[in-house]
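Structural characterization, general
For reference, the chains in residue letters:
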Amino acid sequence: MSDRRRNRRWSPPLSFGTLALACACTAFAQSPEQAGPQNTRMEYAQVLRAEPVYQTLRATSMVERCEATTPVLSEQEERRGLARVVGAVKDVLRSEGDAVQEVDRSAGGDCRMVPIEREFRRPIAFDVDYVHKGVKYRSRLPYDPGNRLRVRVTVTPIVTPADAR
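Notes on the structure in this doc start here. Here the structure is a predicted model, which is why all the values come from computation and not from measurement. (Residues numbered from 1 in each chain as written. Predicted model: local features only at pLDDT ≥ 70, side-chain atom pairs only at ≥ 80, totals over all residues. Heavy atoms only, no water.)

This part takes up the side chain of His132. In this fold, His132 is placed in strand 2 (residues 110-132). Overall, the relative accessible area of 13% leaves His132 in the buried class. Excluding residues within four positions of it along the chain, His132 makes contact with Glu43, Tyr44, Ala45, Tyr137, Val151 and Val153. (Helix = DSSP H or I, 4+ residues; strand = E, 2+ residues; numbered from the N terminus. Buried < 20%, exposed > 50% of the residue type's maximum accessible area, 1.4 Å probe, protein only. Contact = heavy atoms within 4.5 Å.)

Listed below in structure tokens is the structure:
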């Protein structure tokens, strides 16, 4: 025999680990949760209601407020035209604790920084009620689906063990 043949060692074409991995991947691909396209189809469901789910954010900012140290004309005498309308709306929206006569910094007022808390709401999802083949469902989606919702219908048989039949 030649030296080449004597020095070669025999190795199996597939190791045990490779064989086990191949079997596991095949079993995973055939699991009922991962039903293939032969058991799945797309249909449409009618949306009954899509209700937004909001996230509430709170932010505090510092604003400079100046109070009058000298007598100021009454607000009704001072305001004219559009300023009177804007001032009236501002007065309605102002809380009781904020009922201080505000003046411009140049008018010689006592100025200080005051924290103002604001609240913001933004939609983060939608709770969607829909009906498919006469059965009502509810899902939380990241968007508003509109009047109809595309759904995946999968049919898989329930296989009972032989001893339970």
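Here the focus is the side chain of Asp129. When you line up the elements, Asp129 lands in strand 2. There is a polar contact of 2.6 Å between the side chain of Asp129 and the side chain of Arg138. Discounting chain neighbours no more than four positions away, the residues touching Asp129 are Gln46, Val47, Leu48, Arg49, Tyr137 and Arg138. (Polar contact = N/O pair within 3.5 Å; in protein donor to acceptor, adjacent residues only side chain to side chain.)

Attention shifts here to the pattern of salt bridges. A complete count under the given rule lists six salt bridges for this structure. The residue Glu43 makes a salt bridge to Arg41 at a minimum N-O spacing of 2.5 Å. Overall, Arg41 belongs to the partly exposed group, its relative accessible area being 46%. Among the salt bridges present, the one from Arg138 reaches Asp129, with a minimum N-O distance of 2.6 Å. By relative accessible area, which is 14% here, Asp129 ends up buried. What emerges from the salt-bridge pattern is a single network uniting Arg49, Glu51, Asp129 and Arg138. (Salt bridge = Lys/Arg side-chain N within 4 Å of Asp/Glu carboxyl O.)

Here the structure, examined in full by the defined rule, presents one aromatic pair. Residue placement shows Arg121 over the ring face of Tyr54; its charged tip is 4.1 Å from the ring centre. Just above the ring of Tyr44 sits the side chain of Arg148; from NZ or CZ to the centre is 3.9 Å. (Phe/Tyr/Trp six-rings, centres within 6.5 Å; stacked < 30°, edge-to-face > 60°. Lys NZ or Arg CZ within 6 Å of the ring centre and 35° of its normal.)

One pass over the structure, following the stated rule, counts one disulfide. The disulfide partner of Cys66 is Cys111, and the S-S distance across this bridge is 2.0 Å. Its S-S torsion of about 105 degrees marks the bond between Cys66 and Cys111 as right-handed, since a negative value means left-handed. Within this pair, whereas Cys66 is found in strand 1 (residues 40-67), its partner Cys111 is found in strand 2, the two being separated by 45 residues in sequence. Since its relative accessible area comes to 23%, Cys111 is described here as partly exposed. (Disulfide = S-S within 2.5 Å.)

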